[in-house]
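Survey of secondary and tertiary structure
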Amino acid sequence: KQHFAINELENQLRKAIDENQLKLFLQPIVDLTTGKIVKCEALARWITPEGKFISPEVFIPLAEKSELIFPFGEWLINEACNAIDALKGANLDIRLAINISGRQVSDLALLNQIKNALEDHQLPGSNLSIELTESVLVESLDVVSVLLNELRGMGITVSIDDFGTGFSSLVYLKKLPIDELKIDRSFVKDIPEDDNDMEITAAIIAMAQKLKLDVVAEGVETIEQVEFLQNNNCFIVQGYYFSKPVAEDDIP
Ligand code: G
Ligand code: MN
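Please read these numbers as outputs of a predicted model, since none were measured by experiment.

1. Looking at the pairing of strand β8 (residues 214-217)
- Inspection of the sheet shows strand β7 (residues 180-183) paired to β8 by four bridges, in the parallel sense. Bridge pairing in β8 places Lys182 opposite Val216.
- In terms of strand pairing, β8 meets strand β9 (residues 236-238) through two bridges, oriented parallel. Its bridge partner lying in β9, Ala217 is registered against Val237.
- In this region the chain leaves β8, passes through helix α11 (residues 223-231) and returns to the parallel neighbour β9; the handedness of that crossover is right-handed.

Right, here's the structure in full:
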């Protein structure tokens, strides 16, 4: 029964990708020094034709377990390019960040998908950024290294997502071409109550600066958190304090 239910959801997801039921939402990433949006993270949302909201925490792992992560990835890249186009039409020329999973990274088609999407839309790589988790990086350092160098050659920037939560060494920080660390929201959530979280957050910021990496704090929800980050030299933030992920029309 369980098996059947999963297959059923998988079939629905396949249909959702084919029939464009998924929607792309964008969450602003803000520079505190200018008050401007520096970039947006593109996040997929699925509302079924029956109006049921299915969480990405359910359908992304499902896509990763099946082959659906590949058509999903292609959908995401193309949809991100559509959104970049639409924002340019509204006089906003910004970078969109997309999340890439481990299985996509080990797939050679990924690079071509990204190249083709940018070409089709006549967009420079400077409009795109990718987010990878630590676990993706340690799986296959050599393969990832080649891929990241190619992407950065195109002007695409690379962020480490959920930084500090993966079981990995820091070796990849010096071995891989990376632009930015995104401090996981689990460290930000209990600021200013939790002393350990504040120390860890401050240490990640300091390390990023020493390594000449940009640093973004995720999951920023309160003014106290904004102030703490500012006082500790982290000026790029993302979270509900500024905005939830919203439809692309709401970004301008
Ligand atoms: O793992 P990643 O950082 O890509 O996860 C992004 C997810 O985090 C999105 O689903 C988004 O809705 C959620 N998110 C973004 N900002 C906040 C926030 O301020 N608080 C909480 N709890 N979740 C957030
Ligand atoms: Mn992310």
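2. With respect to the coordination of the manganese ion (ligand 2)
- Bound to the manganese ion (ligand 2) on the protein side are Glu41 (OE), Asn99 (OD1), Glu131 (OE) and Asp161 (OD), at distances that span 2.1 to 2.4 Å.
- Written as a sequence motif, the donor arrangement for the manganese ion (ligand 2) is E-x57-N-x31-E-x29-D. Of the two residues, Asn99 sits in strand β4 (residues 95-99) while Glu131 sits in strand β5 (residues 128-133), which places them 32 residues apart along the sequence.
- Residue class for Asn99 comes out partly exposed when judged on its relative accessible area of 25%.

3. A word on unusual backbone geometry
- In this chain, Ile191 is followed by Pro192 through a cis amide linkage whose omega measures 10°.
- By secondary structure assignment, the location of Pro192 is in the loop between α9 (185-188) and α10 (195-210).
- A positive phi angle, near 60°, is found at Asn20, a position not held by glycine.
- Inspection of the secondary structure assignment puts Asn20 in the loop between α1 (2-18) and β1 (22-31).
- Relative accessible area serves as the criterion here: at 37%, Asn20 is assigned to the partly exposed category.
- Of note in this structure, Asn91 is not a glycine but carries a positive phi near 65°.
- Take Asn91: it is sitting in the loop between α3 (69-89) and β4.
- The exposed category is assigned to Asn91, whose relative accessible area is 73%.

So, how was this worked out
Residues numbered from 1 in each chain as written. Chains lettered and ligands numbered in written order. Predicted model: local features only at pLDDT ≥ 70, side-chain atom pairs only at ≥ 80, totals over all residues. Heavy atoms only, no water. Pairing = 2+ DSSP bridges. Helix = DSSP H or I, 4+ residues; strand = E, 2+ residues; numbered from the N terminus. Right-handed = clockwise from strand over helix to strand, strands pointing away. Donors = N, O, S within 2.8 Å, 3.2 Å for Na, K, Ca; no water. Buried < 20%, exposed > 50% of the residue type's maximum accessible area, 1.4 Å probe, protein only.

Shape is all these values report; function is a separate question.
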